[in-house]
Amino acid sequence: MKIGLVCMLKGRGMKKGFTGIKALEKLSQVEIDKKACEAALYNIDYTLECLKWVKNHGQGMFRVSSSLIPYNEFWNWKNFDSILEKLKILKKFAKDNNIRLIMHPDQFTVLNSENNEVVHNSIKILNHHYEISELLGVEDIIIHVGSSKGDYKERFIKNTKLLNKKLKAKILLENCHSVGIEDVIEICEKTGIRPCLDFHHDRIKPSSQSFENYIEKILNLSKNKVPLAHISSPAGDEKNSYKSHSEYISTEDLIKFRKYFDLFDVEIEAKGKEKAVKKVVDFFKKI
DNA sequence: TCGTGTCAAGGCCCT
DNA sequence: AGGGCCTTGACACGA
């Protein structure tokens, strides 16, 4: 049972260096290199701080932010030895302390889009995540199905064939607001991709059966790896802010989902970040 | 120094 | 066909 912190400590996040592409395009390459490299070095140091927090509290899991290397397409970050050196330190720290590192590209990754350019761009995003994952020893890259229109499952299955095999082996598919765990499992069975179960998304988009009935399949599809799950509590009720995350995982939800913490490594998706993780850890210490 | 509006990318839903 | 919304923090800019 690992309990995962997501991307940052409360109150502080990654540096980007500049706001938006328009601002970036006004700069010379030298200026972009300088600002972006500075931001990347800051981000890597900050990520190490997060890992130290994880080490000291024994949760054993952390999601690395996708903006670790900001605006990666616009500069040759791999040419900067200072960055590669720092990444090595991160990798070693995670490995030495048995911290499972996760990555989770954002909503713009739509492998099954009806638009080919979007598919192409999604593959670029995934390839970037793969590069970072190799440098950091990340074995899990979680994505959503993306589109839920028409033959979306067939498109997803077809497009996974475009992925590098080693990248594909790292990918997990998570149920989301629009595609339930049952459909995710169907895609996983046909592609060999591992599923990731989001307990809260299952409330928003339930499948034909309660999620408990899919646990066995999820365990089987996870092969020899510990399966991953996401937990979050809604900020509002079903009419209002039900999709957004609250500060902490509610005690009610911890009681409801506690038995799955034995089977899964669980990422804590909550605004309270490390405080929310701490609360979950304390909950399990007490029982 | 503080507060506020802006920021690459997609999908979906409503009009 | 087009606009708002999803979600959230960093940053730039103006007061």
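Going by the structure above, here's the rest.
A short tour of the structure in this document, coming up. Per chain, residues are indexed from 1 in the order of the written sequence. Each chain is given a letter, starting from A, and each ligand a number, starting from 1, according to the order in which they appear as written. In keeping with the model being predicted, local features are shown solely for residues with a pLDDT of at least 70 and side-chain atom pairs are shown and tallied solely at 80 or more, while totals for entire chains, interfaces and linings include all residues. Processing note: side-chain calculations cover all non-hydrogen atoms of the structure and skip hydrogens and water entirely.

### With respect to the nonpolar core
- Among buried residues, those of type Ala, Val, Leu, Ile, Met, Phe, Trp, Tyr and Cys that are joined through side-chain atoms within 4.5 Å constitute a nonpolar core. Only protein chains enter the area calculation, which uses a 1.4 Å probe; residues under 20% of their type maximum are buried, those over 50% are exposed, and those in between are partly exposed. Among the nonpolar cores identified, the biggest contains 82 residues, and Ile 83 and Ile 268 are the most heavily contacted of them.
- Strands here are runs of E lasting at least two residues and helices are runs of H or I lasting at least four, both read from the DSSP assignment and numbered beginning at the N terminus. Considering each element in turn, this core owes the most residues, twelve residues, to helix H2 (residues 29–57).
- Other than its neighbours up to four places away in sequence, Ile 83 contacts Cys 37, Ala 40, Leu 41, Ile 44, Ile 69, Trp 75 and Trp 77.
- The next biggest cluster of nonpolar side chains, apart from the first, holds six residues, and it includes Met 61, Ile 102, Ile 142 and Leu 228. Whether two residues are in contact is decided by their heavy atoms: any pair within 4.5 Å suffices.

### As for the pairing of strand S4 (residues 140–144)
- Of all the five residues making up S4, four are buried; the element is thus mostly covered by neighbouring parts of the structure.
- Assessed by its sense of winding, the connection that carries the chain from strand S3 (residues 100–103) through helix H4 (residues 116–136) to S4 is right-handed.
- Pairing between S4 and strand S5 (residues 171–174): four bridges, direction parallel. For Ile 141, the partnering residue across the bridge sits in S5 and is Ile 171. Seen with its strands pointing away from the viewer, a crossover is right-handed when the path leading from the first strand over the helix to the second is clockwise. When DSSP finds at least two bridges between two strands, those strands are taken to pair.

### A closer look at the protein's contact with DNA strand C
- A cutoff of 4 Å decides nearness: a residue is near a molecule or strand if any of its heavy atoms lies inside that distance of it. Surrounding DNA strand C, one finds 13 residues, the nearest of these being Gly 13, Met 14, Lys 16, Gly 17 and Thr 19.
- In DNA strand C, atoms within 4 Å of the protein come 88% from sugar and phosphate.
- Between DNA strand C and the protein, one listed contact pairs a phosphate oxygen with a backbone N or O atom of Gly 13 at 2.3 Å.
- Pairs of N or O atoms within 3.5 Å make up the polar contacts considered here, provided that, within protein, one atom can donate a hydrogen while the other can accept it, and that residues adjacent in sequence are counted only when both atoms are side-chain atoms. A distance of 3.0 Å is found between a sugar or linking oxygen of DNA strand C and a side-chain nitrogen or oxygen belonging to Thr 19.
- For the surface near DNA strand C, the per-class residue count stands at two nonpolar, five polar and six charged. Ten residue types, Ala, Val, Leu, Ile, Met, Phe, Trp, Tyr, Cys and Pro, are classed as nonpolar, four, Asp, Glu, Lys and Arg, as charged, and the remainder, Gly among them, as polar.

### A few points about the protein's contact with DNA strand B
- In the region of DNA strand B, 14 residues are neighbours, and Gly 20, Ile 21, Lys 22, Ser 113 and Ser 148 sit closest.
- Within 4 Å of the protein, the atoms of DNA strand B are drawn from sugar and phosphate moieties in a proportion of 52%.
- One nitrogen or oxygen atom from the main chain of Ile 21 is found 2.2 Å from a phosphate oxygen belonging to DNA strand B.
- In this structure, a phosphate oxygen belonging to DNA strand B sits 2.6 Å away from a side-chain N or O atom of Ser 113.
- When residues in the surface near DNA strand B are grouped by element, the largest group, three residues, is from helix H1 (residues 20–25).
- Here the residues of the surface near DNA strand B sort into five nonpolar, six polar and three charged.

### Quick notes on the pattern of salt bridges
- Salt bridge, as used here: a side-chain nitrogen of Lys or Arg that lies within 4 Å of a carboxyl oxygen of Asp or Glu. Scanning the entire structure with this criterion turns up 20 salt bridges.
- With a shortest N-O distance of 2.8 Å, Arg 63 and Glu 269 are connected by a salt bridge. Note that Arg 63 is positioned in strand S2 (residues 60–64) and Glu 269 in the loop between strand S8 (265–268) and helix H11 (274–286), a separation of 206 residues in sequence. A single burial state applies to Arg 63 and to Glu 269, both of which are buried.

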